[in-house]
Amino acid sequence: MKVPHSTRGARHAPSPHRPKAQVAPPPLSASLERGDPHRGPSSGTPRARTEHRGHRTGLSKHPHARRALTASLTRLGTDHVDLYQLHISDAGPERAAELRDVCEGFVREGLVRAYAWSTDDPARAAVFAEGEHCTAVQHAINMLQDAPDMIALCEESNLASVNRSPLAMGLLGGKRQAPSQAGDIRSRPPAWLQGFGDGSGADPEWLARVDALKDVLTSGGRTLAQGALAWLWARSPRTIPIPGFRSVAQAEQNAGALEKGPLTAEQMADVERILGR
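What counts and how
- Residues numbered from 1 in each chain as written.
- Predicted model: local features only at pLDDT ≥ 70, side-chain atom pairs only at ≥ 80, totals over all residues.
- Heavy atoms only, no water.
- Helix = DSSP H or I, 4+ residues; strand = E, 2+ residues; numbered from the N terminus.
- Expected span 1.5 Å × (residues − 1).
- Bend = angle between axes of the 7 residues up to and from the residue.
- Buried < 20%, exposed > 50% of the residue type's maximum accessible area, 1.4 Å probe, protein only.
- Contact = heavy atoms within 4.5 Å.
- Axes fitted to C-alpha atoms, helices over the stretch in contact; angles between N-to-C directions.
- Parallel < 35°, antiparallel > 145°, perpendicular 65-115°, else oblique.
- Left-handed = near helix turned anticlockwise from the far one by under 90°.
- Nonpolar A, V, L, I, M, F, W, Y, C, P; charged D, E, K, R; others polar.
- Phe/Tyr/Trp six-rings, centres within 6.5 Å; stacked < 30°, edge-to-face > 60°.
- Polar contact = N/O pair within 3.5 Å; in protein donor to acceptor, adjacent residues only side chain to side chain.

Observations concerning helix H6 (residues 204-217)
Residues lying three or four places apart along an α-helix face the same way, a consequence of the helix completing one turn every 3.6 residues. Its 14 residues place the ends of H6 19 Å apart at the C-alpha level, agreeing with the 20 Å of an ideal helix rising 1.5 Å per residue. At Asp 211, H6 shows its maximal bend, which comes to roughly 25°. Of all the residues in H6, the buried ones are Trp 206, Leu 207, Val 210, Leu 213, Val 216 and Leu 217. The elements touched by buried residues of H6 are helix H7 (224-235) and helix H9 (265-275).

Here it is in structure tokens:
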């Protein structure tokens, strides 16, 4: 989904707290996850720098990071990644600091321009934010599940807020029936996935909240999903929602939200009043 110009600029704005590296908006993104079976070529791979300002970067301690990155570059058919994301959300602070330094090493080699962590824990995200080229954090947020502490961190640390689950796994897109496809995560929701109870369908309480918000969200000719995206853009200039889609029509609907723009301050106040926050 295309990002509004104002949102793109926000992630590079000067910070009164700590300057950040200036990087281009990320058209290509890759990730570092557990158990990536892909390995890069055995020759021609740039060697890791293990020394920086007298300290080890940790590259030699985490060879999987290089294998995962090399495999991503091969699959994407490019020589660098604009935004490299760590998807081990529960990594401890010490390990996260080591992986942050690994990513800084990749930046110096020209393999990565910037990096981020996909985590819902602001304390963990703050560890990555100490890195010069950490420019974003991916986290869950939508109008039913606000994330004020994470938004505060992004604004203070000059990070882009990449919004996972901006439509609350379909609830804010009008999905009401039980998951019908095998393997749908909503059919066996993990502890972190709220709003779907035992997997038999959406929680009635959550559906009632969506119904109560419809008039606000669909104002100005918006669809329900467009209103949910408009809430995120009004929530903070740092937000970059990444809504999913299963059809061309849904993708066009998501992109069409840009024409409507963010909710107004009055509409945002109405949402808070309706939700009792």
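With respect to unusual backbone geometry
The backbone of Asn 158 sits at a positive phi, close to 60°, despite the residue not being glycine. Residues other than glycine seldom take positive phi values, yet Ser 165 does so here, at roughly 55°. In this fold, Ser 165 is placed in the loop between strand S7 (160-164) and H6.

Focus on the packing of H6 against H9
At a minimum axis distance of 10 Å, the contact between H6 and H9 shows a crossing angle of 160°. Compared by their axis directions, H6 and H9 come out roughly antiparallel. For the crossing formed where H6 meets H9, the hand is right-handed. When H6 is examined against H9, the residues Arg 209, Ala 212, Leu 213 and Val 216 are found in contact with a partner set consisting of Gln 267, Asp 270, Val 271, Ile 274 and Leu 275. Looking at the contact of H6 with H9, its residues break down into six nonpolar, one polar and two charged.

Here's the deal with the packing of aromatic side chains
Aromatic rings in a pair are described by how distant their centres are and how their planes are angled relative to each other. Per the stated rule, a full pass over the model turns up three aromatic pairs. Between Tyr 84 and Phe 106, the aromatic rings sit 6.3 Å apart at their centres with planes inclined by 75°, giving edge-to-face as the arrangement. With Tyr 84 in strand S4 (residues 81-86) and Phe 106 in helix H3 (residues 93-109), this residue pair connects regions lying 22 residues apart in the sequence. By relative accessible area, which is 1% here, Phe 106 ends up buried. Arranged with centres 5.5 Å apart and planes meeting at 90°, the rings of Tyr 115 and Phe 128 form a pair that is edge-to-face. In this pair, Tyr 115 is assigned in strand S5 (residues 112-118) and Phe 128 in helix H4 (residues 122-129), connecting sequence segments 13 residues apart. An aromatic cluster of three or more residues is present, and its members are Tyr 115, Trp 117 and Phe 128.

Examining the environment of Trp 117
Here Trp 117 shows up in strand S5. Separated by 19 residues in sequence, Trp 117 and Ala 136 have C-alpha atoms that sit 7.2 Å apart. The contacts of Trp 117, once residues within four sequence positions are left out, are Leu 86, Ile 88, Ser 89, Ala 91, Ala 96, Arg 124, Ala 125, Phe 128, Ala 136, Val 137 and Gln 138. Looking at Trp 117, its side chain comes within polar contact range of the main-chain oxygen of Ile 88, at 3.1 Å.

Observations concerning H7
When the terminal C-alpha atoms of H7 are compared, their 17 Å separation across 12 residues agrees well with the 16 Å that a helix rising 1.5 Å per residue should span. With respect to burial, H7 is a largely interior element, 10 of its 12 residues being buried. Taken together, the buried positions of H7 are occupied by Leu 224, Ala 225, Gln 226, Gly 227, Ala 228, Leu 229, Ala 230, Trp 231, Leu 232 and Trp 233.

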